[in-house]
Amino acid sequence: MKTKYIDKRSWRRLIRKEYHEIAVKDEQFEGIIGEIIMEKVKSPLVVNIIGEDIVVADDGYRWLQILPKDKHYSITVMYNRESQPIQYYIDINEENFPELGQARTHDLYLDVLVLPDGRYELVDEQDAKRALRKKEITKAQYDFAYQTANEIMQHVKTNFGDLEKLALYCKEKIEK
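An unreviewed UniProt entry lists the protein chain under the name DUF402 domain-containing protein, with Macrococcoides goetzii given as the organism.

Okay, here's the thing in structure tokens:
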């Protein structure tokens, strides 16, 4: 299992960034919301999502980090320079630690990527298998990651609007 901080403090691609985070506890969301503004990156990050090459990190891009309390996932909503969502990246986690300044997860390697039109795919299965083989995660954690990912994909399939609403709500909260 790996520990991931939502402020991307160890991400070498980022040369210069601005980062803000807030704690939220209301009827719509409880947890930490962070925003990374990528002022300067070493090079653009291009990923293949559902057969399309998409730039997800570049100068002027923003990543909204959503770390809910008592859930087994975290969400990164990636925005281009025009503040349009590029993708929703959902990490499957064993545990979230929504602590201001130290917000982090225990990541289980498996991820669900969702495009703004609602299409989605499961990714990083090889990473999860490798982690299991190397005993970085247990078989129970591996199975839990797949169960959680499948629940998320089913929810996206039937209620994609919920993900969009949560992202918009969190984006408005962090920008106030």
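## Remarks on the overall build of the protein chain
When its secondary structure is counted, the protein chain shows two helices and ten strands. Listing every helix and strand of the protein chain by position from the N terminus yields β-β-β-β-β-β-β-β-β-β-α-α. If you line up the protein chain on its principal axes, its C-alpha atoms span 40 × 40 × 30 Å. When each of the 176 residues of the protein chain is scored for burial, the buried share is 44%. Contacts in the protein chain between residues at least 24 apart in sequence constitute 53% of all its contacts with a sequence separation of at least 6. Carbon and sulfur atoms make up 47% of the accessible area of the protein chain, which amounts to about 9200 Å² in all. Looking at the protein chain, you have 28 positive and 32 negative side-chain charges, and the mean spots of the two groups are 4 Å apart.

## Re the packing of aromatic side chains
Under the definition given, this model contains three aromatic pairs. Between Tyr 88 and Phe 160, the ring centres sit 5.9 Å apart and the planes meet at 85°, which makes this aromatic pair edge-to-face. Placement of the pair is Tyr 88 in strand β8 (residues 85-97) and Phe 160 in helix α2 (residues 139-175), with a sequence separation of 72 residues. The exposure classification of Tyr 88 matches that of Phe 160, with both residues buried. For the cation-ring pair, Arg 9 lies above Tyr 5, with the distance from its terminal atom to the ring centre recorded as 4.0 Å.

## Some remarks on the layout of surface pockets
As a volume, the largest pocket reaches approximately 640 Å³. Lining the largest pocket are 25 residues, and of these Lys 4, Lys 8, Trp 11, Trp 63 and Tyr 89 lie nearest its centre. The set of elements that each furnish at least two residues to the lining of the largest pocket consists of β1 (2-5), β4 (45-49), β7 (73-79), β8 and β9 (104-114). Class assignment of the residues belonging to the lining of the largest pocket gives a composition of eleven nonpolar, five polar and nine charged. Of the pockets and cavities examined, the second largest pocket occupies roughly 540 Å³. Along the wall of the second largest pocket there are 22 residues; nearest its centre are Lys 71, Tyr 73, Ile 75, His 155 and Leu 166. With eleven residues, the single largest contributor to the lining of the second largest pocket is α2.

## Observations regarding the nonpolar core
Within the largest apolar cluster, 32 residues are counted, with the highest numbers of intra-cluster contacts made by Leu 64, Val 77, Val 112, Val 114 and Leu 163. Per-element tally for this core: the top contributor is α2, with 13 residues. Discounting residues that sit within four places of it in the chain, Leu 163 has contacts with Ile 75, Tyr 88, Ile 90, Val 114 and Val 156. Judged by nonpolar contacts, the second largest core, of 16 residues, contains Leu 14, Met 38, Val 56 and Val 123.

Conventions and cut-offs
- Just so you know, the residues in each chain are numbered from 1, in the order the chain's sequence is written.
- Restriction of local features to residues with pLDDT of at least 70 applies here, the model being predicted, together with a cutoff of 80 or more for giving and counting side-chain atom pairs; totals for whole chains, interfaces and linings are based on all residues.
- The side-chain values count all of the structure's non-hydrogen atoms but skip hydrogen atoms and water molecules.
- Think of it this way: any DSSP run of H or I at least four residues long counts as a helix, any run of E at least two long counts as a strand, and we number them from the N terminus.
- When accessible area is computed with a 1.4 Å probe and restricted to protein chains, residues below 20% of their type maximum are described as buried, those above 50% as exposed, and intermediate ones as partly exposed.
- The contact rule is simple, with two residues in contact once any of their heavy atoms fall within 4.5 Å.
- Every accessible area reported is derived by Shrake-Rupley at a probe size of 1.4 Å, with residue values counting cover from the shown protein chains alone.
- Neither His nor the chain termini are counted; the positive set is Lys and Arg, and the negative set is Asp and Glu.
- Each charge is placed at NZ for Lys, CZ for Arg, CG for Asp and CD for Glu.
- Working definition: rings of Phe, Tyr and Trp (its six-membered ring) pair if their centres are within 6.5 Å, and the pair is stacked with planes under 30 degrees apart, edge-to-face with planes over 60 apart, and tilted otherwise.
- Charges are assigned to positions over rings by a cutoff of 6 Å between ring centre and Lys NZ or Arg CZ, combined with an angular limit of 35 degrees from the ring normal.
- Using only the protein atoms, space was sampled on a 1 Å grid; points where a 1.4 Å probe fits but cannot get out form cavities, open sets with protein on both sides within 12 Å along at least five of seven lines form pockets, and lining residues are those with an atom within 4 Å of a point.
- Grid points are joined across faces, edges and corners, and a volume is the space filled by probe spheres set on the points.
- Residues were grouped as follows: Ala, Val, Leu, Ile, Met, Phe, Trp, Tyr, Cys and Pro as nonpolar; Asp, Glu, Lys and Arg as charged; and all remaining residues, including Gly, as polar.
- Side-chain atoms within 4.5 Å are what join buried Ala, Val, Leu, Ile, Met, Phe, Trp, Tyr and Cys residues into a set we call a nonpolar core.

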